[in-house]
Amino acid sequence: EFCQLNVQVKVTDAHGNETVGDCLLHYTWLRDNVILELGQKLQISDLLLGGEEAPGDFDHSQIDAVNAGTVGQYQIVAGDRICNVTVRDTTAPELLLQDVTIFLEQTANIRDFLVGAKDASGAVSTRMLTELTFGTAGQQTVVVEAEDCYGNVARAQAVLTIKVDEAPQILGLEDIVLKKY
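Here's what I pulled together on the structure shown here. This one's a predicted model, so the numbers in the text were calculated from it and none came from an experiment.

**Notes on the overall build of the protein chain**
Here is step 1 of the chain: Summing up its helical and strand segments, the protein chain has three helices and eleven strands in all.
Here is step 2 of the chain: Ordering the α and β elements of the protein chain from the N terminus gives β-β-β-α-α-β-β-β-β-α-β-β-β-β.
Here is step 3 of the chain: The 181 residues of the protein chain split such that 28% are buried.
Here is step 4 of the chain: In the protein chain, the share of contacts with a sequence separation of at least 24, taken over all contacts with a separation of at least 6, comes to 47%.

Below, the structure is given as structure tokens:
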């Protein structure tokens, strides 16, 4: 959509001669394309090429019709102008793991390490990238990956500690005899 502005133009030549005239300046205020990240709310300022507000006849309900919670394409129409609004997801999921300690005869799986995985798109799939071995005491670094439905990936690490399950032995003590006096 074009806005109009009355402008007075003054031209002075090298000899100081002046000419003054009025003209009507037509300019557009609406961008051609806007890209939003999933979850980011569309604001009128996102659409403006300059200035602080749209013309009075602009239908602001079009902004509310853009669902920033869903990836997709939308159009804002103002007169004969169209602004294409793209909502996309380029942000990796949030992935939080915890370290795990087990005893030699036990096992662990991804659910033991996973504290949480979330994403603005909703569903997140997780998978363990490390093949765990349980036959030896010690520590292993575990890598888990989370992926959202748009292919954005996050990776995080945790530590698996495997301990030997034996009662501690106290060495150097002989039999203790208690006598009652």
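**A closer look at the sheet that holds strand β4 (residues 72-78)**
Here is step 1 of the chain: The three strands lie next to each other as β3-β5-β4, forming an open sheet whose pairing is mixed. Each edge of the open sheet is held by one strand with a lone partner, namely β3 (33-37) and β4. Across the sheet, the axes of successive neighbouring strands diverge by a mean angle of 20 degrees, strand direction being ignored.
Here is step 2 of the chain: Of the strand pairs in this sheet, β4 and strand β5 (residues 81-88) are connected by seven bridges, and their pairing is antiparallel. Note that in β5 the partner of Tyr74 across the bridge is Val85.

**Considerations on the pairing of β5**
On a regular strand, each side chain points to the face opposite its neighbour's, so the side chains alternate between the two faces of the sheet.
Here is step 1 of the chain: The alternating pattern of β5 places Arg81, Cys83, Val85 and Val87 on a buried face and Ile82, Asn84, Thr86 and Arg88 on a face that is not buried.
Here is step 2 of the chain: As judged from the five bridges shared by β3 and β5, these two strands associate in the parallel manner. Across the sheet, Leu36 pairs through a bridge with Val87, a residue of β5.
Here is step 3 of the chain: Hairpin geometry of β4 and β5 is characterised by an intervening segment of two residues between the two adjacent antiparallel strands and by a positive phi of about 65 degrees at Gly79.

**Observations regarding the nonpolar core**
Here is step 1 of the chain: With 17 residues, the main nonpolar core has Leu42, Leu47, Phe58, Ile76 and Val85 as its most contacted residues.
Here is step 2 of the chain: Only β3, β4 and β5 provide two or more residues apiece to this core.
Here is step 3 of the chain: The leading source of residues in this core is β5, at three residues.
Here is step 4 of the chain: Setting aside anything within four residues of it in sequence, one finds Leu47 in contact with Trp29, Leu30, Arg31, Val34, Leu42, Phe58, Ile63, Ile76, Cys83 and Val85.
Here is step 5 of the chain: Of all hydrophobic cores here, the second largest spans 16 residues; its members include Ala108, Ile110, Ala158 and Leu160.

**Here we look at the environment of Gly39**
Here is step 1 of the chain: Relative to the helices and strands, Gly39 is located in the loop between β3 and α1 (44-47).
Here is step 2 of the chain: On the basis of relative accessibility, which here comes to 57%, the residue Gly39 falls in the exposed class.
Here is step 3 of the chain: The sequence separation of Gly39 and Val87 amounts to 48 residues, and the corresponding C-alpha distance is 8.5 Å.

The rules behind each value
- Residues numbered from 1 in each chain as written.
- Predicted model: local features only at pLDDT ≥ 70, side-chain atom pairs only at ≥ 80, totals over all residues.
- Heavy atoms only, no water.
- Helix = DSSP H or I, 4+ residues; strand = E, 2+ residues; numbered from the N terminus.
- Buried < 20%, exposed > 50% of the residue type's maximum accessible area, 1.4 Å probe, protein only.
- Contact = heavy atoms within 4.5 Å.
- Pairing = 2+ DSSP bridges.
- Axes fitted to C-alpha atoms, helices over the stretch in contact; angles between N-to-C directions.
- Core = buried A, V, L, I, M, F, W, Y, C linked by side-chain atoms within 4.5 Å.

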